[in-house]
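# Architecture and fold: a report
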Amino acid sequence: MATAIQVRESDVTIESGGDVLPAFFALPQRTGPVPGAMMVHDIFGLRDLARGQARRLAAHGVAAVYPHLFRGIGPVDPGVDPEAGKATRPFVDAITVEQCMGDIEAGLDFLRSQPEVDPDRLIIWGYCWGGAMVLRGANRVPGLAGVVVWHGILKGEDLAEMDNAVGPILGLFGDADSSIPVSDVEVLQARCEVAGVETDFHLFPDAPHSFCDDTRPTAFNAEACKHAWKEVGRFIRERVG
């Protein structure tokens, strides 16, 4: 039986574009340099769900840094406040793609500065809104070992961005997602194939949007979440190392 990886966690800060962003850092306790992941949250920010995602990724042997990207508002909890998304929407809309790419680069620089992290094995990870942003990062951020997308999508003219993207891209989607229908996932995958971008997309049965959010009973699908994390573990082992 494999020994469980112990995780050391800490609250840190990341400097980006003159701003100081609060962040959560989860570091696996392993010998030798480990891969690193810069994580981008959903529209609710660096809430407890995001911290749990970082811990879980670190338990797979990946150093995970998860900054809070919204300036002017802290994280909110949709499990407590069903209207939480309305509070963050102005701050979500205020972040440009260029600013988010700068934040991603700042997070990657933080990982590169850590002696325990291998700078040649860095990935970006995005959840919901963050998923769409890291898809854009696949085109704009150099030197990545991979991209992990949890139900993020690009549509219309944004799809052209995939022409210069670099994979591999692991995509985790629900086939019952009313926000991202299966047809949108198929269009994204087809565009990646035409562009020669390696993808590994998965559609999980009966899984709605944000199917791994256990704070919202109407969204959470335990079986889909379990299988999605298995795919994450496989992707890390086989493609990131």
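Residues numbered from 1 in each chain as written. Predicted model: local features only at pLDDT ≥ 70, side-chain atom pairs only at ≥ 80, totals over all residues. Heavy atoms only, no water.

Computed from the structure, the largest pocket encloses a volume of approximately 540 Å³. Lining the largest pocket are 24 residues, with Ile43, Arg89, Cys128, Trp129 and His209 sitting closest to its centre. The element contributing the most residues to the lining of the largest pocket is helix H4 (residues 129-140), with four residues. Looking at the lining of the largest pocket, its residues break down into 12 nonpolar, seven polar and five charged. (1 Å grid on protein atoms, 1.4 Å probe; cavity = no way out; pocket = protein on both sides within 12 Å on 5 of 7 lines; lining within 4 Å. Points joined across faces, edges and corners; volume = space filled by probe spheres on them. Helix = DSSP H or I, 4+ residues; strand = E, 2+ residues; numbered from the N terminus. Nonpolar A, V, L, I, M, F, W, Y, C, P; charged D, E, K, R; others polar.)

Turning next to the packing of helix H1 (residues 48-59) against helix H6 (residues 222-240). In a packed pair of helices, the relevant descriptors are the angle between the two axes and the axis-to-axis distance. Their axes nearest at 11 Å, the elements H1 and H6 cross at an angle of 45 degrees. In terms of orientation, H1 lies oblique with respect to H6. Helix-helix and strand crossings are classified by hand; for H1 and H6 the assignment is right-handed. On the side of H1, the interface is formed by Gln53, Arg56 and Leu57, while H6 contributes Cys225, Trp229 and Val232. Considering only residue class, the contact of H1 with H6 consists of four nonpolar, one polar and one charged. (Axes fitted to C-alpha atoms, helices over the stretch in contact; angles between N-to-C directions. Parallel < 35°, antiparallel > 145°, perpendicular 65-115°, else oblique. Left-handed = near helix turned anticlockwise from the far one by under 90°. Contact = heavy atoms within 4.5 Å.)

Overall, the coordinates contain one disulfide when judged by the stated rule. Linked covalently through their sulfurs, Cys212 and Cys225 form a disulfide whose S-S length is 1.8 Å. Taking the torsion about the S-S bond as the criterion, the Cys212 to Cys225 disulfide, at about 65 degrees, is right-handed. Here Cys212, found in the loop between strand S8 (199-204) and H6, pairs with Cys225, found in helix H6; they are 13 residues apart in sequence, far enough to count as distant. Like Cys225, Cys212 is buried. No disulfide involves Cys100; its sulfur sits 14 Å from that of Cys128, the nearest cysteine. The buried category is assigned to Cys100, whose relative accessible area is 0%. (Disulfide = S-S within 2.5 Å. Buried < 20%, exposed > 50% of the residue type's maximum accessible area, 1.4 Å probe, protein only.)

Side-chain pairs of opposite charge can arise whenever the charged atoms involved come near each other. Within the structure shown, the criterion is met by 22 salt bridges. Salt-bridge contacts for Arg136 lead to Glu161; the nearest nitrogen and oxygen are separated by 3.9 Å. Taken together, the residues Arg136 in helix H4 and Glu161 in the loop between strand S6 (146-150) and strand S7 (169-174) connect sequence positions 25 residues apart. Bridged by salt links that share partners, the residues Asp42, Arg47, Asp213 and Arg216 form one connected network. (Salt bridge = Lys/Arg side-chain N within 4 Å of Asp/Glu carboxyl O.)

We now examine the packing of aromatic side chains. Per the counting criterion, the structure on display carries nine aromatic pairs. On the numbers, 6.0 Å between centres and 40 degrees between planes, the contact of Trp150 with Phe211 is tilted. Residue Trp150 is found in strand S6, and its partner Phe211 is found in the loop between S8 and H6; the two are separated by 61 residues along the sequence. Accessibility classification places Trp150 together with Phe211 in one group, the buried group. An aromatic cluster of three or more residues is present, and its members are Trp125, Tyr127, Trp150, Phe204, Phe211 and Trp229. (Phe/Tyr/Trp six-rings, centres within 6.5 Å; stacked < 30°, edge-to-face > 60°.)

Given 3.6 residues per helical turn, the α-helix brings residues three or four places apart onto the same face. Helix length check: H4, at 12 residues, gives a terminal C-alpha distance of 17 Å against a target of 16 Å (1.5 Å per residue), a fit within 8%. For H4, the tally of buried residues reaches 10 of 12 residues, placing the bulk of the element in the interior. All of the buried residues along H4 are Trp129, Gly130, Gly131, Ala132, Met133, Val134, Leu135, Arg136, Gly137 and Ala138. (Expected span 1.5 Å × (residues − 1).)

Counting buried residues along S7, six of its six residues qualify, which places the element largely inside the surrounding structure. Neither face of S7 is open: one carries Ile169, Gly171 and Phe173, the other Leu170, Leu172 and Gly174, and all of them are buried. Taken together, the four bridges between S6 and S7 define a ladder with parallel strand orientation. Note on S7: the bridge partner recorded for Val149 is Gly171. Pairing of S7 with S8, which is carried by six bridges, proceeds in the parallel orientation. Opposite Ile169, over in S8, you have Thr199 as the bridge partner. The handedness of the S7 to S8 crossover, carried by helix H5 (residues 182-195), is right-handed. (Pairing = 2+ DSSP bridges. Right-handed = clockwise from strand over helix to strand, strands pointing away.)

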